[in-house]
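Below, each chain spelled out in residue letters.
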Amino acid sequence: APPRAASGLGGCTTLSAPAGTAEGGGAAALRRAWRERRAALLEPSYTPLVAACLCLAEGGVNLWVIRRVPYTEIDWKAYMEEVEGFANGTLDYTQLKGDTGPLVYPAGFVYIFLGLYYATGRGTDIRLAQYLFAGLYLLNLLLVFRIYCRTNKVPPYVFFFMCCASYRIHSIFVLRLFNDPVAMAILFLAINLFLEERWSWGCLLFSLAVSVKMNILLFAPGLLFLLLQRFGLLGCIPKLCICALLQVILGLPFLLVNPVGYLTRSFDLGRQFQFKWTVNWRFLPEEVFQNRAFHAALLLAHLAGLGLFALHRWHRSKESILALLKDPAERKHPSPPLTVNNILWRAARTGGRRQGRAGRTLGSAFGDSRAQIVFVLFSSNFLGVCCSRSLHYQFYVWYFHTLPYLLWCTPTAKLAHMPKVLLLGVIELCWNTYPSTVCSSLSLHICHGLVLLQLWYGTAPPPAPHTPQPSRRPAAISKKAQ
């Protein structure tokens, strides 16, 4: 039936809309709002919006933690005593000590924490130091989010677990004031520069991060691979010289006084760790934990893992991996920009029209090299973490912010999201168990193994397409051709 005429203002006649149409429009608006909310949680393109909201929330969370949770003294006092010796004129590295032992970090640590020493009234204003580390936490988070925005791989809902849900990470930053977050923040800044193809500046900052703490060297195999891939051997040498030159400049005051003492203290690769602090090897007897043969086995496992990933997951060219030593212009088959992007791109092409939108969202263009940079660096570091001789509680920050990428960089079905979230939760639980137990230690290794397995099989190259053999039967000749 036609709609009824209704008398409007001024005697004008208007048509009233049917009630069903209004209800249908409201339902459509609700459905559209619900779809947008789901998209904001699942579509990586919404990462900047979610990141902005989470950074604001994290500012409040850090303030609440500083004011309500008691500060715990572990290494801050020792840091201040170590840099105080340098401030008083001591340049012999073997004479710089704190109440927890001798100084074992490179020279960059001394200069950065000397600045904190003076900024906090010779290390006495703990509350100010906490606020400074809260600012460092937010800066680190912004750098991490920028990496995730550039790679466009991880669904935004995962970042809720990366931010507000981690008690241990907040504790490492604002309740313990360790030097590990300082090194990692500089490292993430270097990775951002790599993503912008500013390799010289990135190498400079990478070396600066190494000078704060040596764990950054776990990223070094991946960085070396990327430098060789982009510049070849001869082009790679200047970048490596930048890294080495900065180390020499930072350590020069100490090298001039006692070079052997500086090198053996700040780059001591054979240092023994205390069994009572280990998080990952609690299930072993202490004799095995301290055994040099066990350390050698872990080193061999680390080198084997790096070799396998370099040969079969990082390097995708048909040429030998030795072709990386050549100038990129002289290579027969330039390495494709790599791994996860290529897989998702191919999946998007073969998945049909219904999966086209998801393929465009998850898999950026075939030529995108940003995912390669992040994948190689993050997986290189993770292999080192898995094979570490010991992980202490503050070492969690070494790889915590990389876990979402390592888990979600591979194609993820709808039902696979929950197991990955559970994996993040179990890893967090293992790191929050104090003191560590046999169960928590074993669980951590199982979780690490599952992450490695999904990285290995999730980034495997797709099978070569089957090309039918040409028919041996001669082609029929038409009468017209005859």
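These numbers were taken from a predicted model, which means no experiment stands behind them.

### As for the overall build of the protein
Then, number 1: Each helix and strand in the protein was counted, giving 19 helices and four strands.
Then, number 2: Across the 482 residues of the protein, 48% fall into the buried class.
Then, number 3: Excluding contacts between residues fewer than 6 apart, the proportion of contacts in the protein whose partners are at least 24 apart in sequence is 75%.
Then, number 4: Per element, the accessible surface of the protein, about 24,300 Å² overall, is 65% carbon and sulfur.

### Quick look at the environment of Leu-136
Then, number 1: Turning to its location among the elements, Leu-136 is positioned in helix 5 (residues 126-151).
Then, number 2: As for Leu-136 and Val-182, which are separated by 46 residues in sequence, their C-alpha atoms are 7.5 Å apart.
Then, number 3: Once you skip the residues sitting within four places of it in the chain, Leu-136 turns out to touch Phe-173, Pro-181, Val-182 and Ala-185.

### A word on the packing of helix 10 (residues 220-255) against helix 13 (residues 292-314)
Then, number 1: Following both chains from N to C, one finds helix 10 and helix 13 inclined at 35 degrees, their axes separated by 11 Å at the closest point. In this structure, the crossing between helix 10 and helix 13 has a hand that is right-handed. For the pair formed by helix 10 and helix 13, the contact residues are Pro-221, Gly-222, Phe-225 and Gln-229 on the first element and Leu-306, Ala-310 and Trp-314 on the second.
Then, number 2: In terms of residue class, the contact of helix 10 with helix 13 is built from five nonpolar, two polar and no charged.

### Focus on the state of the cysteines
Then, number 1: This structure, assessed with the given rule, holds zero disulfides.
Then, number 2: With no disulfide of its own, Cys-55 lies closest to Cys-163 among cysteine sulfurs, the gap being 6.7 Å.
Then, number 3: Between Cys-241, a cysteine without a disulfide, and Cys-243, which holds the nearest cysteine sulfur, the sulfur-to-sulfur distance is 9.2 Å.

### With respect to empty space enclosed by the protein
Vacant regions in the atomic arrangement are exposed by a probe of water-molecule size rolled over the atoms.
Then, number 1: Applying the stated rule across the entire model yields one cavity of 30 Å³ or more.
Then, number 2: Considering only enclosed or pocket space, the largest cavity measures out at about 30 Å³ in volume.
Then, number 3: In terms of lining, the largest cavity is formed by Gln-272, Phe-273, Phe-289, Gln-290, His-295 and Arg-389.
Then, number 4: The class makeup of the residues in the lining of the largest cavity is two nonpolar, three polar and one charged.

### A few points about the pattern of salt bridges
Then, number 1: All chains considered together, the criterion is met by five salt bridges.
Then, number 2: Where Glu-196 meets Arg-150, a salt bridge forms, and the shortest distance between an N and an O atom there is 3.1 Å. Here Glu-196, found in the loop between helix 8 (180-195) and helix 9 (199-210), pairs with Arg-150, found in helix 5; they are 46 residues apart in sequence, far enough to count as distant.
Then, number 3: A residue is classified by how much of its surface remains accessible, and Glu-196, at 31% relative accessible area, is partly exposed.

### Comments concerning a nonpolar patch on the surface
Then, number 1: Taken together, the side chains of Leu-91, Leu-245, Val-248, Ile-249, Leu-252, Leu-256 and Val-257 present a nonpolar region at the surface, about 630 Å² in accessible area.
Then, number 2: If you trace the backbone, Val-248 turns up in helix 10.

### Focus: unusual backbone geometry
Then, number 1: Of note, the bond from Tyr-434 into Pro-435 is cis; its omega dihedral lies within 30 degrees of zero at -10 degrees.
Then, number 2: Position of Pro-435 among the secondary structure elements: in the loop between helix 18 (417-432) and helix 19 (438-458).
Then, number 3: Notably, Leu-177 is not glycine yet its phi reads approximately 60 degrees, a positive angle.
Then, number 4: Assignment of secondary structure puts Leu-177 in the loop between helix 7 (167-175) and helix 8.
Then, number 5: Leu-177 gets classed as buried once you look at its relative accessible area, which sits at 0%.
Then, number 6: Unlike most non-glycine residues, Glu-197 shows phi in positive territory, near 65 degrees.
Then, number 7: Note on placement: Glu-197 falls in the loop between helix 8 and helix 9.
Then, number 8: With relative accessibility at 42%, the residue Glu-197 sits in the partly exposed group.

### Looking at the UniProt feature "transmembrane region" (unreviewed entry) in the protein
Then, number 1: Those residues carrying the UniProt feature "transmembrane region" (unreviewed entry) are residues 103-119, 131-148, 177-195, 201-228, 240-257 and 293-311 in this numbering.
Then, number 2: Spanning residues 177-195, this segment combines 84% helix with 0% strand, and its end C-alpha atoms are found 29 Å apart.
Then, number 3: End-to-end, the C-alpha atoms of residues 201-228 are 17 Å apart, and along that stretch the chain is 68% helix and 0% strand.

### Description of the side chain of His-448
Then, number 1: By the element assignment, His-448 lies in helix 19.
Then, number 2: Residues contacting His-448, with those up to four places away along its chain left out, are Phe-382, Val-385, Cys-386, Leu-391 and Tyr-399.

### Comments concerning helix 5
Then, number 1: The terminal C-alpha atoms of helix 5 lie 37 Å apart, and with 26 residues this matches the ideal 38 Å at 1.5 Å per residue to within 8%.
Then, number 2: With its phi angle positive at about 60 degrees, Asn-152 sits one or two positions after the end of helix 5.

### Topic: the nonpolar core
Then, number 1: Core analysis: the largest hydrophobic core is formed by 121 residues, its most contacted members being Phe-113, Phe-194, Phe-378 and Trp-431.
Then, number 2: Here this core gets 12 residues from one element, more than from any other, and that element is helix 8.
Then, number 3: With residues near it in sequence (within four places) discarded, Phe-194 still touches Trp-199, Gly-202, Cys-203, Phe-206, Leu-223, Ile-373 and Leu-377.
Then, number 4: By size, the runner-up hydrophobic cluster in this structure holds seven residues, among which are Phe-273, Phe-289, Phe-294 and Leu-298.

### Considering the packing of helix 10 against helix 16 (residues 370-386)
Then, number 1: It is at 7 Å that the axes of helix 10 and helix 16 come closest, and there the two elements cross at 150 degrees. For the element pair helix 10 / helix 16, the angle class is roughly antiparallel. Of helix 16, the residues touching helix 10 (which contributes Pro-221, Gly-222, Leu-223, Phe-225, Leu-226, Gln-229 and Arg-230) are Gln-372, Ile-373, Val-376, Leu-377 and Ser-380.
Then, number 2: Taken together, the residues of the contact of helix 10 with helix 16 break down into seven nonpolar, four polar and one charged.

Reading the values: rules and limits
Residues numbered from 1 in each chain as written. Predicted model: local features only at pLDDT ≥ 70, side-chain atom pairs only at ≥ 80, totals over all residues. Heavy atoms only, no water. Helix = DSSP H or I, 4+ residues; strand = E, 2+ residues; numbered from the N terminus. Buried < 20%, exposed > 50% of the residue type's maximum accessible area, 1.4 Å probe, protein only. Contact = heavy atoms within 4.5 Å. Areas by Shrake-Rupley, 256 points an atom, 1.4 Å probe, with all protein chains shown as cover. Axes fitted to C-alpha atoms, helices over the stretch in contact; angles between N-to-C directions. Left-handed = near helix turned anticlockwise from the far one by under 90°. Nonpolar A, V, L, I, M, F, W, Y, C, P; charged D, E, K, R; others polar. Disulfide = S-S within 2.5 Å. 1 Å grid on protein atoms, 1.4 Å probe; cavity = no way out; pocket = protein on both sides within 12 Å on 5 of 7 lines; lining within 4 Å. Points joined across faces, edges and corners; volume = space filled by probe spheres on them. Salt bridge = Lys/Arg side-chain N within 4 Å of Asp/Glu carboxyl O. Patch = residues over 30% accessible without salt bridge, like charges linked within 9 Å, V, L, I, M, F, W, Y side chains within 5 Å. UniProt positions renumbered as here; feature names shortened; annotations may be inferred. Expected span 1.5 Å × (residues − 1). Core = buried A, V, L, I, M, F, W, Y, C linked by side-chain atoms within 4.5 Å. Parallel < 35°, antiparallel > 145°, perpendicular 65-115°, else oblique.

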